Amino acid sequence: CNNFCSYCIIPYARGRIRSRTMESIKAELERLSASGFKEIVLTGINLSCYDDNGKKLIDVIEMADNVNGIERIRLGSLDPEVVTEDFVERLGKVKKICPHFHFSLQSGCDKTLKAMNRHYTSDEYYEKCQLIRKYIDNPAFTTDVIVGFPGETEEDFQETLDVVRKVRFDSAFTFIYSKRTGTPAAAMENQVPEDVVKNRFDRLLKEVQDISAEVCGRDVHTVQTVLVEEVNDHSPELVTGRMSNNTIVHFPGDASLIGKLVDVYLEESKGFYYMGRLNQ
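Residues numbered from 1 in each chain as written. Predicted model: local features only at pLDDT ≥ 70, side-chain atom pairs only at ≥ 80, totals over all residues. Heavy atoms only, no water.

Describing the overall build of the chain
Inclusion rule: Every helix listed is a DSSP run of H or I at least four residues long, and every strand listed is a run of E at least two residues long, numbered separately from the N terminus. Just to be clear, the radius of gyration here is over C-alpha atoms, and the globule rule we use is 2.2 Å times residues to the power 0.38. Exposure is judged per residue with a 1.4 Å probe applied to protein chains only, and the accessible area is read against the type maximum: over 50% gives exposed, under 20% gives buried, and values in between give partly exposed. Only heavy atoms enter the contact rule, under which two residues are in contact if any of them lie within 4.5 Å. Note on areas: Shrake-Rupley with a 1.4 Å probe; residue coverage comes only from the protein chains shown. For the charge count, each Lys or Arg is scored as positive and each Asp or Glu as negative, with His and the chain ends excluded. Charged groups are reduced to one reference atom each: NZ for lysine, CZ for arginine, CG for aspartic acid, CD for glutamic acid.
A count of helical and extended segments in the chain gives 8 helices and 11 strands. Against the 2.2 N^0.38 benchmark of 19 Å for 280 residues, the chain shows a C-alpha radius of gyration of 20 Å, consistent with a compact globule. In terms of overall dimensions, the chain has C-alpha extents of about 60 × 45 × 35 Å along its principal axes. Split into buried and exposed, the 280 residues of the chain put 46% on the buried side. Contacts in the chain between residues far apart in sequence, at least 24 positions, make up 73% of those at least 6 positions apart. Approximately 14000 Å² of the chain is accessible, and the part contributed by carbon and sulfur atoms is 49%. Positive and negative charge centroids in the chain, built from 35 and 44 side chains respectively, lie 3 Å apart.

A word on the environment of Tyr120
Let me state the cut-off plainly: Polar contact criterion, stated in full: a pair of N or O atoms within 3.5 Å, where within protein one must be able to donate a hydrogen and the other to accept it, and residues adjacent in sequence count only if both atoms are side-chain atoms.
Tracing the backbone through its elements, the reader meets Tyr120 in the loop between helix H5 (110-115) and helix H6 (122-135). By relative accessible area, Tyr120 is classed as buried at 8%. Along the chain, Tyr120 and Asp110 lie 10 residues apart, while their C-alpha atoms are 8.1 Å from each other. A polar contact is formed between the side chain of Tyr120 and the backbone oxygen of Ser104, at a distance of 3.4 Å. Among the polar contacts made by the side chain of Tyr120, one reaches the side chain of Arg118 at a distance of 3.0 Å.

Overview of the packing of aromatic side chains
For the record, the criterion: Ring pairs are drawn from Phe, Tyr and Trp, using the six-membered ring of Trp, whenever the two centres fall within 6.5 Å, and their geometry is named by plane angle: stacked under 30 degrees, edge-to-face over 60, tilted for the rest.
The full count for this structure, using the stated rule, is 6 aromatic pairs. Seen in terms of ring centroids, Phe103 and Phe141 are 6.4 Å apart; in terms of plane orientation they differ by 40 degrees. Their pairing is tilted. On the criterion of sequence distance, the pair formed by Phe103 in strand S4 (residues 100-103) and Phe141 in strand S5 (residues 140-147) is long-range, its members being 38 residues apart. Given the relative accessible area of 0%, Phe103 is considered buried. With centroids separated by 5.5 Å and ring planes inclined at 70 degrees, the aromatic side chains of Phe149 and Tyr177 adopt a geometry described as edge-to-face.

With respect to the sheet that holds strand S3 (residues 77-78)
Counted only if it meets this: Strand pairing is assigned whenever DSSP identifies at least 2 bridges connecting the two strands. Orientation is described by lines fitted to C-alpha atoms, with helices fitted over the stretch in contact, and by angles between N-to-C directions that extend from 0 to 180 degrees.
Strands sit in the order S3-S4-S5-S6 across an open sheet of 4 strands; the sheet is parallel. Only two strands of the sheet have a single neighbouring strand rather than two, namely S3 and strand S6 (171-176). The pairing of S4 with S5 spans 3 bridges and is classified as parallel. Across the sheet, residue His102 finds its bridge partner in S5, namely Thr142. Helix H8 (residues 194-215) contacts S5 and S6 of the sheet and is inclined by roughly 175 degrees relative to S6.

Let's talk about the packing of helix H2 (residues 22-34) against helix H3 (residues 57-65)
To keep it simple, the criterion reads: Roughly parallel means an angle under 35 degrees; roughly antiparallel means over 145; roughly perpendicular covers 65 to 115; every other angle is labelled oblique. Handedness of each helix crossing follows the sense of rotation of the near helix against the far helix: counterclockwise by less than a right angle gives left-handed, clockwise gives right-handed. Under the grouping applied here, Gly and all other residues not named as nonpolar or charged are polar, the nonpolar ones being Ala, Val, Leu, Ile, Met, Phe, Trp, Tyr, Cys and Pro and the charged ones Asp, Glu, Lys and Arg.
Interaxial distance between H2 and H3 falls to 10 Å at its minimum, and their mutual angle equals 30 degrees. Viewed along their axes, H2 and H3 adopt a mutual orientation that is roughly parallel. Crossing handedness for the pair H2 and H3: right-handed. For the pair H2 and H3, contact is made by Met22, Ile25, Lys26 and Leu29 and by Asp59, Val60, Met63 and Ala64, respectively. For the contact of H2 with H3, the class distribution of residues is 6 nonpolar, no polar and 2 charged.

Side note on the packing of H6 against helix H7 (residues 154-167)
For the pair H6 and H7, the least separation of the axes is 11 Å and the interaxial angle reads 10 degrees. As judged from the angle between their axes, H6 and H7 are roughly parallel. On H7, the residues that touch Ser122, Asp123, Tyr125, Tyr126, Cys129 and Arg133 of H6 are Val163, Lys166 and Val167. Taken together, the residues that form the contact of H6 with H7 break down as 5 nonpolar, 1 polar and 3 charged.

Considering the environment of Gly148
Tracing the sequence through the fold places Gly148 in the loop between S5 and H7. Residue class for Gly148 comes out buried when judged on its relative accessible area of 4%. When the C-alpha atoms of Gly148 and Glu194 are compared, they prove to be 8.3 Å apart, with 46 residues separating the residues in sequence. Those residues within four positions of Gly148 in sequence are excluded, and the remaining contacts are Tyr177, Val192 and Val197.

Take a look at the structure:
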């Protein structure tokens, strides 16, 4: 990674960005397809910065779209800089793309974003979400948010809550800021007291969960395609799979369904997952 966010040790531990060749990625996709895999995930420490002699992430996605046998293309974490009008317009024409975008926010406060060495504002972040919605039908957004970054005030925290309410994430990975020795943030003054951070974390988590429970129930009483992944750990009469937007679905079935794309009627929303039945 080349970004050097002030709280992150990865660039120091892993070094500068390195990209695989498109040829090696295509060969792996063809091997996976021949082995029966239906869904692939394009991922990396900083997926947005992929560059193979001028070939960018969107070129890899379009190449993957043409691999026979692969039915779904899912993306790892995206950063706002990759989300341009051209990128999203081309993405909207990719037939196999999963409408699920893990889109890192980290903070909704511009002052904090600058201190984190993140190269966007909260308004720019929201505009990029809207740009994706312009070209992709009903996209699901997930994100990362850090609470208690050095110098964060209650007003700064409220700005983060405002962005969470505007975007309406399907889910969010919420973190309490922790020092990483060797990073600039670890030496910053105004470290936020632990009790204050914990209180903000709990409030953020409740906000995220309340919104997620509403957003993730939008497809109840509809038929959706589910890729079956496994027999359910807790109820062996059920199988578990994912919709293209990454929502989990549990429904009656057996191991013969694993690896198959099947149509499932979503009978009940449980907030973060559905209970359903095969639509036959």
